[in-house]
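In case you want the letters, here they are:
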Amino acid sequence: MHELLRQAGRAITPGTYFGWGEVTIQSGNLVIIIAMLALFVLALLLPFPGGRSRK
Amino acid sequence: MNRHTGPAPETPDLETGLYTWTGKSRRWLLKQLPPEKLLPEDQPSYVASWAYVFGMGAVAALIFIIGSGVVLSLNGPQWYHVSGLGHFLNSAHLWSVELFFMFMVVHLWLKFWMAAWRGGRVLTWITGMVAFLVSIVTAFTGYLLQTNFDSQWIAFEAKDALNAVGVGAWFNVANLGQVFMWHIMLLPLAVGAVVALHVVLVRAHGVVPPLDAAETDAQLKYPSGSAPENEADQP
């Protein structure tokens, strides 16, 4: 029971936030957005393996 | 019912069944989605690009979501909150959702800048948007099902917004049983149906070509063997 309460207390920590003026974003959300932007750019730039041999 | 009498039909199979709804439906379906379009063996050369993998990435993530979700729902929160395997599957379910949304958003960006609604693909675009919106609602009900302080907080913050727009009586986020039914049955059925329709429409119309390949869309518009003789007739 004490272990569950200790874990519950750890679960409700607010996390890390970044802010610029009016904009505030939680670190996890920022990481996801940056990762999606990186995937978008890499999808356009990276060559597709075996692409030249395809029809 | 088999037809044992009468002469053999002279028209090809595609032309029969003009007077029954089953025959008309079959003819319509075969015209819209012939087997070579439904399960093609190859794709145009421009599909060999990372820009074309994120849709199927989202579908793969959705399969993991459904698989892990089935196990979680059968065992319940008293299992996935306390056992090691339960924690693992709970996390696998969460991270499948994270990947599902990441792939879906990148897919959306790429298709938006490709103007993927071109060439009669408006319904494909619309079903994709509906799939995105229904997935957001499904993910929201998943947050409510964590059965921890987070989900309690989210439910009691969200109920005021839902009451304000007048749906609180039917969609009560503080009612765990109701949210459970929405999350494990109604919304997954909706996501699955819309995603299936989206994929079938992609098969029917073909993957959208890049903007600079729009004039050479012959393989998509006309499956092999049925291309018109006059190339100038092509869109």
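For the structure itself, look to the data block above.
Residues numbered from 1 in each chain as written. Chains lettered and ligands numbered in written order. Predicted model: local features only at pLDDT ≥ 70, side-chain atom pairs only at ≥ 80, totals over all residues. Heavy atoms only, no water.

A. Quick peek at the overall build of chain B. Counting its regular elements, chain B contains nine helices and zero strands. The long-range share in chain B, meaning contacts at least 24 apart out of those at least 6 apart in sequence, stands at 66%. Carbon and sulfur atoms provide 68% of the accessible area of chain B, an area that totals close to 14900 Å². (Helix = DSSP H or I, 4+ residues; strand = E, 2+ residues; numbered from the N terminus. Contact = heavy atoms within 4.5 Å. Areas by Shrake-Rupley, 256 points an atom, 1.4 Å probe, with all protein chains shown as cover.)

B. Highlighting the interface of chain A and chain B. If you look at the interface, chain A gives 18 residues, while chain B gives 22 residues. Counting every contact that joins chain A to chain B gives zero salt bridges. Seen at the junction of chain A and chain B, the total is one residue pair in polar contact (both at pLDDT 80 or more). Residue assignment for the side of chain A that touches chain B shows that the elements contributing at least two residues are α1 (2-11) and α2 (27-45) of chain A. Counting residues per element, the side of chain A that touches chain B draws most heavily on α2 of chain A, which supplies eight residues. Its residues assigned to classes, the side of chain A that touches chain B comprises 15 nonpolar, one polar and two charged. (Salt bridge = Lys/Arg side-chain N within 4 Å of Asp/Glu carboxyl O. Polar contact = N/O pair within 3.5 Å; in protein donor to acceptor, adjacent residues only side chain to side chain. Nonpolar A, V, L, I, M, F, W, Y, C, P; charged D, E, K, R; others polar.)

C. Structural detail: helix α8 (residues 176-205) of chain B. Residues and elements named next belong to chain B. Compared with an ideal rise of 1.5 Å per residue, which puts 30 residues at 44 Å, α8 spans 42 Å between its outermost C-alpha atoms and is within 8% of the ideal. Of all the bends found along α8, the most pronounced is centred on tryptophan 182 and spans about 40°. Of the residues making up α8, those classed as buried are Val179, His183, Leu187, Val191, Val194, Val195, His198, Leu201 and Ala204. Turning to α8, the residues buried within the fold contact α1 (21-32), α2 (35-38), α3 (54-75), α5 (84-113) and α6 (122-144). Backbone nitrogen of glycine 177 and a side-chain oxygen of the N-cap are separated by 3.2 Å at the start of α8; the cap is asparagine 175. Looking one or two residues beyond α8, the residue adopting positive phi is glycine 206, at roughly 80°. (Expected span 1.5 Å × (residues − 1). Bend = angle between axes of the 7 residues up to and from the residue. Buried < 20%, exposed > 50% of the residue type's maximum accessible area, 1.4 Å probe, protein only.)

D. Just unusual backbone geometry, in detail. Residues and elements named next belong to chain B. Although it is not a glycine, alanine 115 adopts a positive phi angle of roughly 50°. Residues other than glycine seldom take positive phi values, yet threonine 147 does so here, at roughly 50°. Assignment of secondary structure puts threonine 147 in the loop between α6 and α7 (149-164). Take threonine 147: its relative accessible area is 30%, and that puts it in the partly exposed class.

E. Highlighting the side chain of serine 135 of chain B. Residue and element names in this part refer to chain B. Considering the arrangement of structural elements, one finds serine 135 in helix α6. We classify serine 135 as buried; its relative accessible area is 3%. The contact partners of serine 135, leaving out residues within four places of it in the chain, are Phe100, Phe101, Met104 and Val191.

F. Expanded view of the side chain of serine 151 of chain B. Residues and elements named next belong to chain B. By secondary structure assignment, the location of serine 151 is in helix α7. For serine 151, the side chain forms a polar contact with the main-chain oxygen of asparagine 148, separated by 2.9 Å. Beyond its immediate stretch of four places on either side in the chain, serine 151 contacts Tyr143, Leu144, Leu145 and Gln146.

G. Region of interest: a nonpolar patch on the surface. On the surface, a cluster of nonpolar side chains totalling about 690 Å² of accessible area is made up of Phe112, Trp113, Trp117, Val122, Leu123, Ile126 and Val130 of chain B. Turning to its location among the elements, leucine 123 of chain B is positioned in helix α6. (Patch = residues over 30% accessible without salt bridge, like charges linked within 9 Å, V, L, I, M, F, W, Y side chains within 5 Å.)

H. Geometry of the nonpolar core. Counting residues in each nonpolar core, the largest one holds 30 residues, and the members touching the most others are Tyr52, Leu62, Phe100, Val106 and Leu110 of chain B. For this core, the secondary structure elements donating two or more residues are α2 of chain A together with α3, α5, α6 and α8 of chain B. In terms of residue count, the dominant contributor to this core is α5 of chain B (seven residues). Summarising the domain contributions, this core has at least three residues from each of domain 1 (51-99) and domain 2 (115-208) of chain B. Apart from the residues within four sequence positions on either side, valine 106 of chain B is in contact with Met36, Leu39 and Phe40 of chain A together with Phe54 of chain B. The next biggest cluster of nonpolar side chains, apart from the first, holds eight residues, and it includes Ala155, Ala158, Leu162 and Phe171 of chain B. (Core = buried A, V, L, I, M, F, W, Y, C linked by side-chain atoms within 4.5 Å. Domains from an automatic or database assignment.)

I. The arrangement of the packing of aromatic side chains in detail. Enumeration according to the criterion identifies twelve aromatic pairs over all chains in this entry. Centre to centre, the rings of phenylalanine 18 of chain A and tryptophan 20 of chain A are 6.5 Å apart; their planes meet at 20°, and the pair counts as stacked. Judged by centre distance (6.5 Å) and plane angle (40°), the rings of phenylalanine 112 of chain B and tryptophan 125 of chain B are tilted. Here phenylalanine 112 of chain B is found in helix α5, whereas its partner tryptophan 125 of chain B is found in helix α6, with 13 residues between them in sequence. Classification of phenylalanine 112 of chain B as partly exposed rests on a relative accessible area of 40%. Following the ring pairs from residue to residue traces out a cluster consisting of Phe112, Trp113, Trp117 and Trp125 of chain B. (Phe/Tyr/Trp six-rings, centres within 6.5 Å; stacked < 30°, edge-to-face > 60°.)

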